[in-house]
Amino acid sequence: MSIAETASPSLAEADRFRATLRNHPAGVVIITASVEGRPVGLTATSFTSVSLAPPLVSFYIAESSTTWPALRRAGEFGVQLLTEEQSDLADRFARRGEDRFAAPTAWSRGPSQVPLLDGAAAHLVCSRFDTRLIGDHWLVVGEVTHTLVLDDPRPPLVYHRGAFGGVSALR
């Protein structure tokens, strides 16, 4: 198989493309914001750092997301870096039609009134820096304005081959 044959999958090969990328593990975060005083949030596995100067991070969200219409109106948002014990929370924030902030979700308001979820290994509070439609997803870039880290963070939650799980500490 040549590189040209595998470099750009057609729409008919979307399932194969998705299945191929399932082999790449990704960290799991929950993005939160306050819109007109109401908390909104979703699970994302496309989170990454972008720049140190200024401090920028990014995530992608599907254009078809039912949370995106509200989230796109927020000028600030939070990123919760989840621990391996928080797979239930990640599932909750990934489901449609769920009251994601109702019990048993524990949270409080942080800087800029951004909802922060209890138990996350770390929180980033960001102001919107840029947003662009790329393919069928929106790229959202935020400038980090606050960081909050647990004193004793636990191993991260990852998404791999269609499931949430933990990782062994590297030594």
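What counts as what
Residues numbered from 1 in each chain as written. Predicted model: local features only at pLDDT ≥ 70, side-chain atom pairs only at ≥ 80, totals over all residues. Heavy atoms only, no water. Helix = DSSP H or I, 4+ residues; strand = E, 2+ residues; numbered from the N terminus. Rg over C-alpha atoms; globule rule 2.2 N^0.38 Å. Buried < 20%, exposed > 50% of the residue type's maximum accessible area, 1.4 Å probe, protein only. Core = buried A, V, L, I, M, F, W, Y, C linked by side-chain atoms within 4.5 Å. Contact = heavy atoms within 4.5 Å. Polar contact = N/O pair within 3.5 Å; in protein donor to acceptor, adjacent residues only side chain to side chain. Pairing = 2+ DSSP bridges.

Details of the overall build of the protein
Argument step 1. Secondary structure assignment for the protein yields four helices and twelve strands.
Argument step 2. Computed over the C-alpha atoms, the radius of gyration of the protein is 17 Å, within 12% of the 16 Å expected from 2.2 N^0.38 for a compact globule of 171 residues.
Argument step 3. For the protein, the spread of C-alpha atoms along the principal axes amounts to about 50 × 40 × 40 Å.
Argument step 4. Here the protein, with 171 residues, has 33% of them falling under the buried criterion.

Some details on the nonpolar core
Argument step 1. Counting 20 residues, the largest nonpolar core has Ile31, Phe59, Ile61, Leu71, Phe77, Val79 and Cys126 as the members making the most contacts within it.
Argument step 2. Take this core: its biggest share by element is four residues, from strand S2 (residues 29-35).
Argument step 3. Ignoring anything within four residues of it in the chain, the contact list for Cys126 reads Val57, Gly75, Glu76, Phe77, Val79, Gly142, Glu143, Val144 and Thr145.
Argument step 4. Counting residues in hydrophobic clusters, the runner-up holds nine residues, among them Leu82, Ala90, Phe93 and Leu117.

Looking at the side chain of Gln80
Argument step 1. Counting through the fold element by element, Gln80 comes out in strand S6 (residues 76-81).
Argument step 2. Within polar-contact distance, the side chain of Gln80 engages the side chain of His123 at 2.6 Å.
Argument step 3. The contact partners of Gln80, leaving out residues within four places of it in the chain, are Val28, Val29, Ile30, Thr32, Pro115, Leu116, Leu117, Ala120, Ala122 and His123.

Considering the sheet that holds strand S12 (residues 163-165)
Argument step 1. Taken together, the three strands give an open sheet; going across it, the order is S1-S11-S12, and neighbouring strands pair in antiparallel fashion. Each of the sheet's edge strands pairs with one partner strand only, and the pair in question is strand S1 (26-27) and S12.
Argument step 2. Looking at chain direction, S1 and strand S11 (residues 158-160) are connected through two bridges and run antiparallel. Bridge pairing in S11 links Gly27 to Val158.

As for the pairing of strand S9 (residues 122-134)
Argument step 1. In the sheet, S6 pairs with S9 via six bridges, with the strands oriented antiparallel. The partner of Gly78 across the bridge, within S9, is Val125.
Argument step 2. Relative to strand S10 (residues 137-149), S9 runs antiparallel, the two sharing twelve bridges. Of the residues in S10, the one forming a bridge with Arg128 is Gly142.
Argument step 3. Taken together, S9 and the strand that follows it, S10, pair antiparallel across an intervening segment of two residues, in which Gly135 is found at a positive phi of about 65°.

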